[in-house]
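# Descriptive structure summary
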Amino acid sequence: MSNYSAGELNMSVSAICQNEKGDKYAFVNFADDVRAAEGKIPDCKILKNEGFAEIEIAQLEKYMREHLTELKKMSAGIDIFSGFKK
C-alpha cells in the first residue's frame, strides 16, 4: 500500500486488483486515531465506515472523484512483490 497523510487524516491506496471479468479496481483507506473508512476506485464509493459522519463520507467520496486520476497513478505505481525481493 502507498501511504499519504493530509493533516491528521491518513490515506493509503492498494495495488490494482482485477476481478474475474477483468475489471480493475483499487481500495483507498482513510483513517485517523479513532475512525476508519475504506473506499473503492474507480467507483469512488465508501464501502466500510467506522466512525465517520455521513457528511464526512460524502466528502471522502467527493475527494476520490476529484483525485481519481492521481489515486489511479498511485495504485499503479505499487509493486506488490517488492517486499519479497532479496
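Nothing here was measured: the structure is a model prediction, and the numbers come from that model.

## A closer look at helix α1 (residues 54-66)
One full turn of an α-helix is made of 3.6 residues, so residues set three or four places apart face in the same direction. Counted at 1.5 Å a residue, the expected span for α1 with its 13 residues is 18 Å, and the 18 Å between its end C-alpha atoms agrees. Buried residues along α1 sit against β2 (9-13), β4 (24-31), β5 (36-41), β6 (45-50) and α2 (68-76).

## Observations regarding the pairing of β5
One face of the sheet, then the other: side chains in a regular strand alternate in exactly this way. Pairing between β4 and β5: six bridges, direction antiparallel. In the sheet register, V28 faces β5, and the bridge partner there is G39. Here β4 folds back onto β5 in antiparallel fashion, the turn holding four residues. Looking at chain direction, β5 and β6 are connected through five bridges and run antiparallel. Paired with E38 across the bridge in β6 is K48. Where β5 folds back on β6, the antiparallel hairpin that results is connected by three residues, among which C44 adopts a positive phi of roughly 60°.

## Topic: the pattern of salt bridges
In total, this model carries four salt bridges according to the counting rule given. When the shortest N-O distance is used, the salt bridge between E38 and K48 registers 3.9 Å. With E38 in strand β5 and K48 in strand β6, the pair connects residues that are 10 residues apart, well separated along the chain. K62 is paired through a salt bridge with E66; the nearest N and O atoms lie 3.8 Å apart. Here K62 pairs with E66, and both are found in helix α1, just four residues apart, close to one helical turn. Classification of K62 by relative accessible area gives partly exposed; the value is 43%. Among the residues examined, E66 registers a relative accessible area of 52% and is labelled exposed. Among the ionic contacts, a cluster of salt bridges with common partners joins D32, R35 and E56.

## Some points on α2
Taken residue by residue, α2 has L68, L71, M74 and S75 as its buried positions. Down the axis of α2, the buried set is contained in an arc of 125°. They therefore lie on one face. Exposed and oriented more than 90 degrees from the buried face of α2 are T69, K73 and A76.

Each value, and the rule that gives it
Residues numbered from 1 in each chain as written. Predicted model: local features only at pLDDT ≥ 70, side-chain atom pairs only at ≥ 80, totals over all residues. Heavy atoms only, no water. Helix = DSSP H or I, 4+ residues; strand = E, 2+ residues; numbered from the N terminus. Expected span 1.5 Å × (residues − 1). Contact = heavy atoms within 4.5 Å. Pairing = 2+ DSSP bridges. Salt bridge = Lys/Arg side-chain N within 4 Å of Asp/Glu carboxyl O. Buried < 20%, exposed > 50% of the residue type's maximum accessible area, 1.4 Å probe, protein only. Arc of directions from axis to C-beta.

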